[in-house]
Amino acid sequence: MELPLKRSVYGVFMGTIDKESAQRIVNGLTALTHPQALTGSIHLFLHSPGGEIPEGIALHNFFAAFPLPLILYNCGNVDSAAALAFLGAKERRASTYATFTLHRCAMSIAYAQPAARMKEYVEAMLIQDGMAESIYRQVGLKLTAAHWDKLADNDNLTFSAKEAMEIGLVQQIEEFRPPSGSVLFPL
């Protein structure tokens, strides 16, 4: 008796990383691990301006522990929290014209807050900055002293696909091109 063939699956995520989108991504990918899904590898198109750092870190950890081959493609821009998530995948690719932006945490305060609350926000941002730096080091990003200085000065680091490959953000430059007849699933 022949075993059923496992198939590659192609997904698309475009949007901000927040609680709802992170949950959608986790739920969608988790469903593909069911034995009846017959999933081989998962190829995920990603385009995101970033969002919430805690959700980006949670997705990073989820991608790193994902039990099936997961290939992420930056097909536009992957910034901030989305870059942290992206770094969780073992296989990372970028479209020719993709960009990545890394930066320290920031927070917008829309209305007056008591000093104690502001102190809590600052402490949380410093913790999140430490987590992001730890991820950058853990995955082996080859950031120069000048890069680290820019991050320390709260400047953005933006990398082209070619530069991203040079520093280890991606392993290769490759377009997201599902084979003819593939069904794309939205996340």
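Remember, it's a predicted structure, so these values are computed and weren't measured experimentally. (Residues numbered from 1 in each chain as written. Predicted model: local features only at pLDDT ≥ 70, side-chain atom pairs only at ≥ 80, totals over all residues. Heavy atoms only, no water.)

Chemist: What is the right way to read the packing of helix H1 (residues 19–31) against helix H2 (residues 53–65) from this model?
Modeler: Two packed helices can be described by the angle between their axes and the distance between those axes. Running from N to C, H1 and H2 cross one another at 10°; their axes reach a closest spacing of 10 Å. The angle between the axes of H1 and H2 places the two elements in the roughly parallel class. Between H1 and H2, the contacting residues are Lys19, Ala22, Ile25, Val26, Leu29 and Thr30 on the first element and Glu55, Leu59, Phe62 and Phe63 on the second. Here the residues of the contact of H1 with H2 sort into seven nonpolar, one polar and two charged. (Axes fitted to C-alpha atoms, helices over the stretch in contact; angles between N-to-C directions. Helix = DSSP H or I, 4+ residues; strand = E, 2+ residues; numbered from the N terminus. Parallel < 35°, antiparallel > 145°, perpendicular 65-115°, else oblique. Contact = heavy atoms within 4.5 Å. Nonpolar A, V, L, I, M, F, W, Y, C, P; charged D, E, K, R; others polar.)

Chemist: Teacher, can you tell me more about helix H5 (residues 145–152) here?
Modeler: An α-helix turns once every 3.6 residues. As a result, residues three or four positions apart point the same way. Taken as a whole, H5 has its buried residues at His147, Trp148 and Leu151. End-on, the buried residues of H5 take up no more than an arc of 95°, which puts them together on one face. Residues Ala145 and Ala152 are exposed on H5 and point more than 90 degrees away from its buried face. Structurally, H5 contributes buried residues whose contacts are with strand E5 (99–102), helix H4 (115–138), strand E6 (157–160) and helix H6 (161–167). Taken from the residues just after H5, asparagine 154 is the one with a positive phi, measuring 65°. (Buried < 20%, exposed > 50% of the residue type's maximum accessible area, 1.4 Å probe, protein only. Arc of directions from axis to C-beta.)

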